[in-house]
Amino acid sequence: MPIDATDEPIAAVRAFNRFYTRKLGVLDQHLGESPFSLSEARVLYELAQRDELAAKEIGGELGLDPGYLSRIVQSFDEKGLIARRPLPADRRQYQLSLTAKGRQAFAKLNLSSQNEVAAMLAQLSASDVSRLTQAMATIESVLEQRRSQPAAVMLRSHRVGDMGWVISRQGAAYAADYNWDISYEALVAEICAQFIRNYDATREHCWIAELGGEPVGSVFLVKATDETAKLRLLQVEKKARGLGVGRALVEQCIQGARERGYSKMTLWTQSILVAARGIYKSAGFKLVATEPHHSFGQDLIGETWERDL
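All of these numbers come straight from a predicted model, not from anything done at the bench. Position numbers for residues count from 1 along each chain, tracking the sequence in the order it is written. Where totals are concerned, whole chains, interfaces and linings use all residues; where local detail is concerned, this predicted model gives features only for residues with pLDDT of at least 70, and gives and counts side-chain atom pairs only at 80 or more. Only heavy atoms go into the side-chain values, all of them from the structure, while hydrogens and water stay out.

Participant: Got a minute to help me understand the overall build of the protein in this structure?
Facilitator: Broken down by element type, the protein carries 10 helices and 10 strands. Categorising residues by exposure relies on relative accessible area from a 1.4 Å probe, with only protein chains included: less than 20% of the type maximum marks a residue as buried, more than 50% marks it as exposed, and the intermediate range marks it as partly exposed. Here the protein holds 309 residues, and 39% of them are scored as buried. To measure how exposed things are, a 1.4 Å probe is used in the Shrake-Rupley method; for residues, cover is taken only from the protein chains shown. Approximately 18100 Å² of the protein is accessible, and the part contributed by carbon and sulfur atoms is 53%. Segments assigned H or I by DSSP are reported as helices when at least four residues long, segments assigned E as strands when at least two residues long, and all are numbered from the N terminus.

Participant: Is there a simple way to explain helix H3 (residues 55–62) in this structure?
Facilitator: Along an α-helix, residues three or four apart share an orientation, since each turn contains 3.6 residues. If you check which residues of H3 are buried, you get Ala-55, Ile-58, Gly-59 and Leu-62. Seen end-on, H3 carries its buried residues on one side only, within an arc spanning 100°. Exposed residues on H3 whose side chains face more than 90 degrees from its buried face are Lys-56 and Gly-60. Residue Gly-63 follows H3 closely and has a positive phi angle near 70°. Read the arc as the range of directions from the helix axis to the C-beta atoms.

Participant: Please explain the sheet that holds strand S4 (residues 153–157) as it appears in this structure.
Facilitator: Sheets are built from strands paired through backbone hydrogen bonds, the pairs being either parallel or antiparallel. With mixed pairing, seven strands are arranged side by side in an open sheet as S4-S5-S6-S7-S8-S10-S9. A single partner strand is all that each edge strand has here, and the edge strands are S4 and strand S9 (286–295). Strand-to-strand twist of the sheet, defined as the mean angle between neighbouring strand axes without regard to direction, takes the value 25°. Two strands make a pair as long as DSSP finds a minimum of two bridges between them. Strand direction decides the pairing type here: strand S5 (residues 205–211) and strand S6 (residues 214–223), joined by seven bridges, are antiparallel. Bridge assignment links His-205 to a residue of S6, and that residue is Leu-221. When checking whether two residues touch, look at their non-hydrogen atoms; a contact exists if any pair is within 4.5 Å. Every axis in this analysis is a line fitted to C-alpha atoms, fitted for helices over the stretch in contact. Angles between the N-to-C directions lie between 0 and 180 degrees. Strand contacts of helix H8 (residues 182–197): S5, S6 and strand S7 (228–236), with the helix running at about 130° to S7, the strand carrying the most contacts. Those strands touched by helix H9 (residues 245–259) are S4, S5, S6, S7, strand S8 (264–270) and strand S10 (298–308), and its axis lies near 160° from that of S7.

Participant: Teacher, can you tell me more about the packing of H9 against helix H10 (residues 274–282) here?
Facilitator: The contact between H9 and H10 brings their axes to 10 Å, and the two run at 45°. In terms of orientation, H9 and H10 fall into the oblique class. Between H9 and H10 lies a crossing whose hand is right-handed. Two secondary-structure elements touch here, H9 through Gly-246, Arg-247 and Val-250 and H10 through Gly-278, Ile-279, Tyr-280 and Ser-282. Considering only residue class, the contact of H9 with H10 consists of three nonpolar, three polar and one charged. An angle below 35 degrees is read as roughly parallel, one above 145 as roughly antiparallel, one from 65 to 115 as roughly perpendicular, and any other as oblique. Helix crossings get a hand from a simple test, with the near helix turned counterclockwise from the far one by less than a right angle marking a left-handed crossing and a clockwise turn marking a right-handed one. Gly counts as polar in this scheme, as do all residues outside two lists: the nonpolar Ala, Val, Leu, Ile, Met, Phe, Trp, Tyr, Cys and Pro, and the charged Asp, Glu, Lys and Arg.

Participant: Any chance you could explain the nonpolar core here in plain terms?
Facilitator: One broad rule of soluble globular proteins: the nonpolar side chains tend to lie buried together. To define a nonpolar core, start from buried Ala, Val, Leu, Ile, Met, Phe, Trp, Tyr and Cys residues and group those joined through side-chain atoms within 4.5 Å. Core analysis: the biggest nonpolar cluster contains 47 residues, and Phe-220, Leu-231, Val-250, Met-265, Tyr-280 and Phe-285 have the highest contact counts within it. Discounting residues that sit within four places of it in the chain, Tyr-280 has contacts with Leu-231, Leu-234, Val-250, Leu-267, Thr-269, Phe-285 and Trp-305. In terms of nonpolar packing, the next biggest core, distinct from the first, is built from 24 residues, Ala-48, Leu-53, Ile-58 and Phe-106 among them.

Participant: Sorry if this is basic, but what is going on with H8 here?
Facilitator: Multiplying 1.5 Å by the residue count of a helix minus one yields the expected span of that helix. With 16 residues, H8 ought to run about 22 Å at 1.5 Å a step, and its terminal C-alpha atoms sit 23 Å apart, in line with that. Along H8, the residues classified as buried are Tyr-184, Val-188, Ile-191, Cys-192 and Phe-195. Buried residues along H8 cover an arc of 95° about the axis, so they all sit on one side. Seen from the buried face of H8, the exposed residues on the opposite side, beyond 90 degrees, are Ile-182, Glu-190 and Arg-197. Buried residues belonging to H8 abut helix H7 (162–178), S5, S6 and S7.

Participant: Even after reading the chapter, I still don't get the environment of Leu-124, so can you show me in this structure?
Facilitator: With respect to the secondary-structure elements, Leu-124 resides in the loop between helix H5 (100–122) and helix H6 (126–143). Judged by relative accessible area, Leu-124 falls into the partly exposed class, the value being 36%. Among all residues touching Leu-124, those that are not within four sequence positions of it are Val-129 and Leu-132.

Participant: Help me understand the packing of aromatic side chains, please; the structure alone is not making it clear to me.
Facilitator: The relative placement of two aromatic rings is captured by the distance of their centres and the angle of their planes. Pairing of aromatic side chains requires ring centres within 6.5 Å, counting the rings of Phe and Tyr and the six-membered ring of Trp. Pairs whose planes differ by under 30 degrees are stacked, by over 60 edge-to-face, and all others tilted. According to the stated counting rule, one finds 11 aromatic pairs in the structure shown. Centroid distance Tyr-184 to Phe-296: 5.0 Å. Interplanar angle 75°. Geometry classified as edge-to-face. Taken together, the residues span a long stretch of sequence, with Tyr-184 in helix H8 and Phe-296 in the loop between S9 and S10 at a distance of 112 residues. A connected cluster of aromatic rings, assembled from ring pairs, spans Tyr-174, Tyr-178, Trp-180, Tyr-184 and Phe-296. Between Arg-203 and the ring centre of Tyr-262, over which it is positioned, the NZ or CZ distance is 4.0 Å. In our convention, an over-ring charge means Lys NZ or Arg CZ found within 6 Å of a ring centre and within 35 degrees of that ring's normal.

Participant: Any chance you could explain the side chain of His-293 here in plain terms?
Facilitator: Here His-293 shows up in strand S9. For His-293, a relative accessible area of 19% gives the class buried. Contacts described as polar in this section are N or O atom pairs within 3.5 Å, which, within protein, must combine one atom able to donate a hydrogen with one able to accept it, while residues neighboring in sequence count only if both atoms come from side chains. Only 2.8 Å separates the side chain of His-293 from the side chain of Gln-270, close enough to count as a polar contact. Leave out the neighbours within four places in its chain, and His-293 touches Trp-268, Gln-270, Gln-298, Asp-299, Leu-300, Ile-301 and Gly-302.

Participant: How do you make sense of the layout of surface pockets when you look at a structure like this?
Facilitator: Any space left empty among the atoms is revealed by the rolling of a water-sized probe across them. Throughout, the protein atoms alone are placed on a 1 Å grid, and a set of points is a cavity if a 1.4 Å probe fits but cannot get out or a pocket if it is open with protein on both sides within 12 Å along at least five of seven lines; lining residues have an atom within 4 Å of a point. Grid points are joined across faces, edges and corners, and a volume is the space filled by probe spheres set on the points. For the second largest pocket, the calculated volume is near 350 Å³. Lining the second largest pocket are Val-13, Phe-16, Asn-17, Tyr-20, Thr-21, Met-136, Thr-138, Ile-139, Val-142 and Leu-143. For the lining of the second largest pocket, the secondary-structure elements that each account for two or more residues are helix H1 (8–24) and H6. The residue makeup of the lining of the second largest pocket, split by class, is seven nonpolar, three polar and no charged.

Read these as spatial facts, not as claims about activity.
What follows is the structure in structure tokens.
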């Protein structure tokens, strides 16, 4: 039976909405210390997570007015944050992707948001943090609509031809997403060549993720020391992002390291690789060191992450 508009549950939900938006400060003109409004930040987030989305898709998922979304897209384009190209099926529609500058802007925004939430949670006890996150999970599970199950992803061992695919896709993806130059492709080629030349199945491995029989991701487990394994070259194709491929590859790599007798695991990444950093953190890795450097034609901040096995 439909709930009457005067019933208490409606009033309670509306009151909570007002409280929560006020608590997070999302009613401010700009989100946190960034130059972006809440709606602009949400568009940036969607592009950072999945990339190459049609503007119409973003508008539909976020519930944004087409005219308002068009103004956001135009503003991002003028600031050099996005690249636009017409969809082959309908040239009136555009496919959007973040430029290297756009990804840097999102990384800064994402870090600011994380710090703000961390500061809020720091005022709570451990038990209150647990109660809060459990309540949030309950709200999400109750309100989230059922979604169709994605196609199954299969992880397999590497075989002849896979190293060429890894080198090609890594070079092309990082050039397109972050404007890294060809020196990165050279580095990947060196890593892959060394992996093949020195391959020891008892200590190292490579997993390729396949979706519908097509490779869509990869990760390498290599020996750093007798006790420490190193995770390298995690990569997921854009078409497979949001399906849990990256998490599956990292979890498989961790399990593979345990099975091969390692007691510790390490990896090196960059601060702008927001999605990958999120996967590493959720998998139990902790950031232990940072170092600015100039590589692949860009000024970057390298990060070392570690976890015990």
